[in-house]
Amino acid sequence: MIDISMLDKFKDAYLELLKQRSSEELDADDLYLSEGYSIVESIQRDIRNLNLTIELFLNAKENNDELAIQASLLRISTFLSGIYGVFYQAGEDVDRYTLLPNTEDFPENYKIPEYYNYPIK
């Protein structure tokens, strides 16, 4: 099972950082992420719906029911787009940090210090 629980913790910490570092008031309409929004719940809901719709597709395919196949494929596409959209929009919000006026230029040869024990090199 994939653990996505850190996404909401990240979102809350990131929004706090963005507010602290921003020289002007953040417009909530410009951000996808918000304090009352749960990334985890959104993804879990879409994954549940996706799984239910995949079951529908498999049953429709088994029964050779062309209309139910097409309906399930349309819904599968919608749920996949929703999951993609959560990550895409969250990524767009994360990229906003580099646009803040006081953000330092990121050095080309930066390496994360060993004391963080970050396993991905």
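Here's a quick rundown of the structure.

The rules behind these values
- Residues numbered from 1 in each chain as written.
- Predicted model: local features only at pLDDT ≥ 70, side-chain atom pairs only at ≥ 80, totals over all residues.
- Heavy atoms only, no water.
- Patch = residues over 30% accessible without salt bridge, like charges linked within 9 Å, V, L, I, M, F, W, Y side chains within 5 Å.
- Areas by Shrake-Rupley, 256 points an atom, 1.4 Å probe, with all protein chains shown as cover.
- Salt bridge = Lys/Arg side-chain N within 4 Å of Asp/Glu carboxyl O.
- Helix = DSSP H or I, 4+ residues; strand = E, 2+ residues; numbered from the N terminus.
- Core = buried A, V, L, I, M, F, W, Y, C linked by side-chain atoms within 4.5 Å.
- Buried < 20%, exposed > 50% of the residue type's maximum accessible area, 1.4 Å probe, protein only.
- Contact = heavy atoms within 4.5 Å.
- Expected span 1.5 Å × (residues − 1).
- Lys, Arg positive; Asp, Glu negative; His and termini not counted.
- Polar contact = N/O pair within 3.5 Å; in protein donor to acceptor, adjacent residues only side chain to side chain.

**Focus on a nonpolar patch on the surface**
A cluster of nonpolar residues, Phe106, Tyr110, Ile112, Tyr115, Tyr116, Tyr118 and Ile120, forms a patch on the protein surface that exposes about 880 Å² of accessible area. Within the element layout of this structure, Phe106 appears in the segment after α3 (66-95).

**With respect to the nonpolar core**
Counting 13 residues, the largest nonpolar core has Leu18, Leu31, Leu33, Ile39 and Ile43 as the members making the most contacts within it. At the level of secondary structure, the elements contributing two or more residues to this core comprise α1 (6-21), α2 (39-62) and α3. Residues contacting Leu18, with those up to four places away along its chain left out, are Leu26, Leu31, Tyr97 and Leu100.

**Looking at the environment of Leu7**
Looking at where Leu7 falls in the secondary structure, it is placed in helix α1. Exposure remark for Leu7: the relative accessible area of 24% places this residue in the partly exposed category. Sequence separation between Leu7 and Ser38 is 31 residues, and the spatial gap between their C-alpha atoms is 8.4 Å. For Leu7, the contacting residues outside a window of four places in its chain are Ile39, Val40, Ile43 and Phe87.

**Observations concerning α3**
Relative to the 44 Å expected for 30 residues at 1.5 Å per residue, α3 spans 43 Å between its end C-alpha atoms, a close match to the ideal helical length. Listed in full, the buried residues belonging to α3 are Ala68, Ile69, Ser72, Ile76, Phe79, Ile83, Gly85, Val86, Ala90 and Asp93. In the core, the buried residues of α3 are packed alongside α1 and α2.

**Examining unusual backbone geometry**
Note: most residues except glycine have negative phi, and most peptide bonds are trans. The backbone of Asn64 sits at a positive phi, close to 55 degrees, despite the residue not being glycine. Relative to the helices and strands, Asn64 resides in the loop between α2 and α3. Its relative accessible area of 66% is what places Asn64 among the exposed residues.

**Notes on the environment of Asn102**
Along the chain, Asn102 turns up in the segment after α3. A relative accessible area of 68% means that Asn102 is categorised as exposed. Measuring from C-alpha to C-alpha, the distance between Asn102 and Gln70 comes to 51 Å, with 32 residues separating the pair along the chain.

**A closer look at the side chain of Asp8**
Its place among the elements puts Asp8 in helix α1. The side chain of Asp8 sits in the buried core without any salt bridge; Lys11 is the nearest counter-charge, 4.8 Å away. At a separation of 3.5 Å, a polar atom in the side chain of Asp8 contacts the main-chain amide nitrogen of Val40. Apart from the residues lying within four places of it in its own chain, the contact partners of Asp8 are Tyr37, Ser38, Ile39 and Val40.

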